[in-house]
Amino acid sequence: MSGVLARTIAAIRTLGANRAILRVVIAYGGFTIGEWATWIAMLVYAFDRGGAAGAGIVALVQLAPSAVLGPIVAGIGDRYPRERMLVGSYVAQAAAMAVVAIALLGDAPVPVVYGLAALSTLAITLTRPAHGSILPSLARTPEELTSTHVAGGPLTQIGVLVAPALAGILLAPFRPAAVFLV
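Analysis parameters
- Residues numbered from 1 in each chain as written.
- Predicted model: local features only at pLDDT ≥ 70, side-chain atom pairs only at ≥ 80, totals over all residues.
- Heavy atoms only, no water.
- Helix = DSSP H or I, 4+ residues; strand = E, 2+ residues; numbered from the N terminus.
- Rg over C-alpha atoms; globule rule 2.2 N^0.38 Å.
- Phe/Tyr/Trp six-rings, centres within 6.5 Å; stacked < 30°, edge-to-face > 60°.
- Buried < 20%, exposed > 50% of the residue type's maximum accessible area, 1.4 Å probe, protein only.
- Core = buried A, V, L, I, M, F, W, Y, C linked by side-chain atoms within 4.5 Å.
- Contact = heavy atoms within 4.5 Å.
- Salt bridge = Lys/Arg side-chain N within 4 Å of Asp/Glu carboxyl O.
- Axes fitted to C-alpha atoms, helices over the stretch in contact; angles between N-to-C directions.
- Parallel < 35°, antiparallel > 145°, perpendicular 65-115°, else oblique.
- Left-handed = near helix turned anticlockwise from the far one by under 90°.
- Nonpolar A, V, L, I, M, F, W, Y, C, P; charged D, E, K, R; others polar.
- Expected span 1.5 Å × (residues − 1).
- Bend = angle between axes of the 7 residues up to and from the residue.
- Polar contact = N/O pair within 3.5 Å; in protein donor to acceptor, adjacent residues only side chain to side chain.

(A) A look at the overall build of the protein. Along its length, the protein carries six helices and zero strands. Seen in sequence order, the protein has helices and strands lined up from the N terminus as α-α-α-α-α-α. Over its C-alpha atoms the protein spans a radius of gyration of 18 Å, differing by no more than 12% from the 16 Å that the globule rule assigns to 182 residues. Taken over the C-alpha atoms alone, the protein extends approximately 50 × 40 × 25 Å along its principal axes.

In structure tokens form, the structure reads like this:
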């Protein structure tokens, strides 16, 4: 067994002893899948509407607000309890993704869909700092905190691998709205 794999398995075992931290790490894996799958779905939608230029425009529209407002929004997490901030970020994502799905299902004008997708991406921007800030408060030992990072890396990579497959499975028979609904 390779050293990296052995360390990852040991880290996951360590996390298993702390159910709260394990739930947060697993939720983050699900978040990663949702983030990448909706990104792909929106690029497919934009490409269908405007080719490569449309995909480039929606990428810019989604990323620019997060790049500008992300550091400001991340600072909000320091003003509220970390648990509330993390749950709030997930609720904001779910709401934003539902609104994008409704717009897609309702054949809303392309600029409206792009704007809503930007709001969805901004909601996603809240999660990373909230996730990172809650981990130290949940860890009971330095080993548990270290284990979150050791296990989190491979789990994130699995999410990045699974997301395109999931998006493809949903996009083939359905429309991009299905990805946002899931």
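(B) Main features of the packing of aromatic side chains. Evaluation of the coordinates by the stated rule reveals three aromatic pairs. A ring pair is formed by Y28 and F31, whose centres lie 5.1 Å apart and whose planes are at 40°; its orientation type is tilted. With Y28 and F31 both in helix 2 (residues 19-76) and three residues apart, this pair spans about one turn of that helix. Across the pair, exposure class does not vary: Y28 and F31 are buried alike. An aromatic cluster of three or more residues is present, and its members are Y28, F31 and Y90.

(C) Here's a closer look at the nonpolar core. M42, Y45, L104, V113, V179 and F180 are the most contacted members of the largest nonpolar core, which has 26 residues in total. For this core, the secondary-structure elements that each account for two or more residues are helix 2, helix 3 (82-105), helix 4 (110-138), helix 5 (142-171) and helix 6 (176-181). The element best represented in this core is helix 2, accounting for eight residues. In contact with M42, not counting residues within four places along its chain, are V58, Q62, V100, L104, V113, A117 and F180.

(D) Quick look at the pattern of salt bridges. Overall, the coordinates contain three salt bridges when judged by the stated rule. Here E35 ties to R128 by a salt bridge, and the two come within 2.7 Å at their closest N and O atoms. Taken together, the residues span a long stretch of sequence, with E35 in helix 2 and R128 in helix 4 at a distance of 93 residues. Residue E35 is classed as buried on the basis of its relative accessible area of 18%. Judged by relative accessible area, which is 40%, R128 ranks as partly exposed. Across the pair R140 and E144 runs a salt bridge, and its minimum N-O distance is 3.0 Å. Relative accessible area serves as the criterion here: at 57%, R140 is assigned to the exposed category.

(E) Here's a closer look at the packing of helix 2 against helix 4. Relative orientation of the contacting elements helix 2 and helix 4 amounts to 155°, with a least axis distance of 6 Å. In terms of orientation, helix 2 and helix 4 fall into the roughly antiparallel class. For the element pair helix 2 and helix 4, the recorded crossing hand is left-handed. In terms of residue class, the contact of helix 2 with helix 4 is made up of 28 nonpolar, nine polar and three charged.

(F) A look at the packing of helix 4 against helix 5. It is at 8 Å that the axes of helix 4 and helix 5 come closest, and there the two elements cross at 150°. One finds that helix 4 runs roughly antiparallel with respect to helix 5. Note on packing geometry: the crossing formed by helix 4 with helix 5 is right-handed. Mapping the contact onto sequence places L135, P136 and L138 in helix 4 and E144, L145, T148 and H149 in helix 5. Here the residues of the contact of helix 4 with helix 5 sort into four nonpolar, two polar and one charged.

(G) Examining helix 2 more closely. In this model helix 2 runs just 27 Å from its N-terminal to its C-terminal C-alpha over 58 residues, more than 12% under the 86 Å that 1.5 Å per residue would give. In helix 2, a bend of some 135° at G50 exceeds every other bend along the element. With a side-chain oxygen lying 3.3 Å from the backbone nitrogen of A20, the N-terminal cap of helix 2 falls on N18.

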